[in-house]
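Next come the chains, spelled out residue by residue.
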Amino acid sequence: MKPYTGVMAKLDRWIDNKVVQNLFVWFLLFLILLITIQGTSRIGTASFTILLLAPAVYINNIYILPFFRKKTFLFFGLFVLNALVFTAVSVFTIALVTEWKLEPKMFVNFFGVMILTLLFASSLKMARDSFFRRQQEKEAELKLLKAQLNPHFLFNTLNNLYGLSVVKSDNLPQLMLKLSDLLRYSLYETKETYVPLEKEVTYLENYMSLEQIRLEDDTQIKFIKEGDLSSWQIAPMLLIVFVENAFKHLEAFQENKKEVAVRLGVKEDILSFSCENSIDTKGLTSENIEKGRSGIGLENVKKRLNLLYPDSHSLTIDKGQEAFSVQLTLKL
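Residues numbered from 1 in each chain as written. Predicted model: local features only at pLDDT ≥ 70, side-chain atom pairs only at ≥ 80, totals over all residues. Heavy atoms only, no water.

*Asks:* Could you clarify how one ought to interpret the packing of aromatic side chains in this entry?
*Replies:* What characterises a pair of aromatic rings is the spacing of the ring centres plus the angle enclosed by the ring planes. In total, this model carries 10 aromatic pairs according to the counting rule given. Ring plane angle 35° and centroid distance 4.7 Å describe the contact between Tyr185 and Tyr203, whose orientation is recorded as tilted. Highlighted residues: Tyr185 in helix H7 (residues 172-188) and Tyr203 in helix H8 (residues 197-215), separated in sequence by 18 residues. With a relative accessible area of 6%, Tyr185 lands in the buried category. (Phe/Tyr/Trp six-rings, centres within 6.5 Å; stacked < 30°, edge-to-face > 60°. Helix = DSSP H or I, 4+ residues; strand = E, 2+ residues; numbered from the N terminus. Buried < 20%, exposed > 50% of the residue type's maximum accessible area, 1.4 Å probe, protein only.)

Printed below as a string of structure tokens:
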């Protein structure tokens, strides 16, 4: 995302504010009445009409609309009753204030306006509630996916620590410092939906350094960065799954030549990421390539991509004769 995301976030908060939403809808209705009402005092008449309509609308939205899904017939009965009662109150109020003569035509006309207003208000309320319900479901699923992802990563890293402690490796202290930095990022800096891309890149670098210490000189590791990485944001813990998976594939590799190559570049607002690792075709099946040893990592990252970057990303996972590669392109 671009640097002006702070302004966009403030705008989103204004849009999500219920008071602002209500004022905006009433303002639109005021403009409609202003155009349709004939006479000299159109502003006063439009304002007075809105004051008469408002009580019926809020009673309908707060107390009657919840019955729509539970007890449909009761909802329609209360809906019509609410419209009739406030139509009668409004017509008598208009006659009292303006000293107009009460006529059935006035009641019929205002009842029509009341019904249309209540239907409009009910539709907006239901659409808004449906939208926020889907947003809450999406946020809940994202939190669940991230909660699954972080323990998965920690589990693999602790396995590495255990292996080094068994052989009493001199690399253990440095490995623990790297792990401390990784955990600090994953626990405290990934609470937002998006984080600075630079921090995510630093996280990848720390992880790859940690793996280099563990593997010593057995693996050739490359990390190539291109373009401006300082002006964008990305979903946290998104790319690490592919890198972690690459190193996981090396564990069963029997040959001497082990390689992991990661390339990350940004051009305009498009991020291109690739991760390639050598594989042992004899010991690796297509099923565990796709799912990984625990079956958590790649499946989660696909779900997160679909949730956070719908229709704006492309993910290709390919197993060649000597290498396993991941190509990811997404619009920041």
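*Asks:* Which parts of the structure should I look at to understand the nonpolar core?
*Replies:* Most often, soluble globular proteins keep nonpolar side chains buried together rather than apart. If you look at the biggest cluster of nonpolar residues, it comprises 49 residues, and the most contacted ones within it are Ile234, Val243, Leu271 and Phe273. For this core, the secondary structure elements donating two or more residues are helix H6 (104-166), H7, H8, helix H9 (240-249), strand S4 (258-267), strand S5 (270-278), helix H11 (297-308) and strand S7 (323-331). The element that contributes the greatest number of residues to this core is H8, accounting for 8 residues. Excluding its chain neighbours within four sequence positions, the residues that come into contact with Phe273 are Leu204, Leu239, Phe242, Val243, Val262, Arg263, Leu264, Val326, Gln327 and Leu328. (Core = buried A, V, L, I, M, F, W, Y, C linked by side-chain atoms within 4.5 Å. Contact = heavy atoms within 4.5 Å.)

*Asks:* I tried to follow H7 on my own but got confused; where do I start?
*Replies:* Each α-helix turn comprises 3.6 residues. Residues three or four places apart therefore point the same way. Along its 17 residues, H7 runs 24 Å from first to last C-alpha, staying within 8% of the 24 Å computed at 1.5 Å per residue. Within H7, the full set of buried residues consists of Leu175, Lys178, Leu179, Leu182, Tyr185 and Ser186. Around the axis of H7, the buried residues are gathered within 125° of arc, so they sit on the same side. Away from its buried face, by an angle of more than 90 degrees, H7 presents the exposed residues Pro173, Leu177 and Tyr188. (Expected span 1.5 Å × (residues − 1). Arc of directions from axis to C-beta.)

*Asks:* Where do I start with a positive patch on the surface in this structure?
*Replies:* Together, Arg69, Arg133, Arg134 and Lys138 make up a region of like positive charge exposed at the surface. With 3 residues, H6 is the largest single contributor of residues to the positive patch. Inspection of the secondary structure puts Arg69 in helix H4 (residues 67-70). Residue Arg69 is classed as exposed on the basis of its relative accessible area, which comes to 66%. (Patch = residues over 30% accessible without salt bridge, like charges linked within 9 Å, V, L, I, M, F, W, Y side chains within 5 Å. Areas by Shrake-Rupley, 256 points an atom, 1.4 Å probe, with all protein chains shown as cover. Salt bridge = Lys/Arg side-chain N within 4 Å of Asp/Glu carboxyl O. Lys, Arg positive; Asp, Glu negative; His and termini not counted. Charge placed at Lys NZ, Arg CZ, Asp CG, Glu CD.)

*Asks:* Honestly, the side chain of Glu211 in this entry has me stumped. Any pointers?
*Replies:* Here Glu211 shows up in helix H8. Residue class for Glu211 comes out buried when judged on its relative accessible area of 2%. Here the side chain of Glu211 touches Tyr207 through a polar contact of 2.9 Å, side chain to side chain. When near neighbours in sequence (up to four residues on either side) are disregarded, Glu211 contacts Asn160 and Phe247. (Polar contact = N/O pair within 3.5 Å; in protein donor to acceptor, adjacent residues only side chain to side chain.)

*Asks:* Got a minute to help me understand the sheet that holds S5 in this structure?
*Replies:* Think of a sheet as strands paired side by side through backbone hydrogen bonds, with each pair either parallel or antiparallel. One open sheet holds the 5 strands; their spatial order is S2-S4-S5-S7-S6, and the pairing between them is mixed. Here the strands that pair on one side only, and so sit at the sheet edges, are strand S2 (219-226) and strand S6 (313-319). Going from strand to strand, the sheet's axes swing by 5° on average, the running direction of each strand aside. Two strands pair when backbone bridges link them, and S5 and S7 are joined in this way by 9 bridges, in the antiparallel orientation. If you follow Glu276 over to S7, its bridge partner there is Ser325. This element, H8, spans S2, S4 and S5 of the sheet and lies at about 165° to S2. Against the sheet, H11 engages S6 and S7, with an angle of about 160° to S6. (Pairing = 2+ DSSP bridges. Axes fitted to C-alpha atoms, helices over the stretch in contact; angles between N-to-C directions.)

*Asks:* Where do I start with H8 in this structure?
*Replies:* For H8, spanning 19 residues, the distance from its first C-alpha to its last is 27 Å, which sits close to the expected 27 Å at 1.5 Å a residue. Buried residues of H8: Leu197, Glu200, Val201, Tyr203, Leu204, Asn206, Tyr207, Met208, Leu210, Glu211, Ile213 and Leu215, and no others.

*Asks:* Just to check I follow, could you spell out the pattern of salt bridges for this structure?
*Replies:* Pairs can form between side chains of opposite charge whenever their charged atoms are close. Tallied over the full model, the rule gives 5 salt bridges. Note that Glu205 and Lys225 form a salt bridge whose closest N and O atoms lie 2.7 Å from each other. In this pair, Glu205 is assigned in helix H8 and Lys225 in strand S2, connecting sequence segments 20 residues apart. Taking relative accessible area as the criterion, Glu205 reaches 27% and is therefore assigned partly exposed. Look at Lys225 and you get partly exposed, because its relative accessible area is 42%. With a closest N to O distance of 2.3 Å, Asp269 and Lys331 form a salt bridge. Taken as a pair, Asp269 in the loop between S4 and S5 and Lys331 in strand S7 lie far apart in primary sequence, 62 residues in all. For Lys331, a relative accessible area of 42% corresponds to the partly exposed category.

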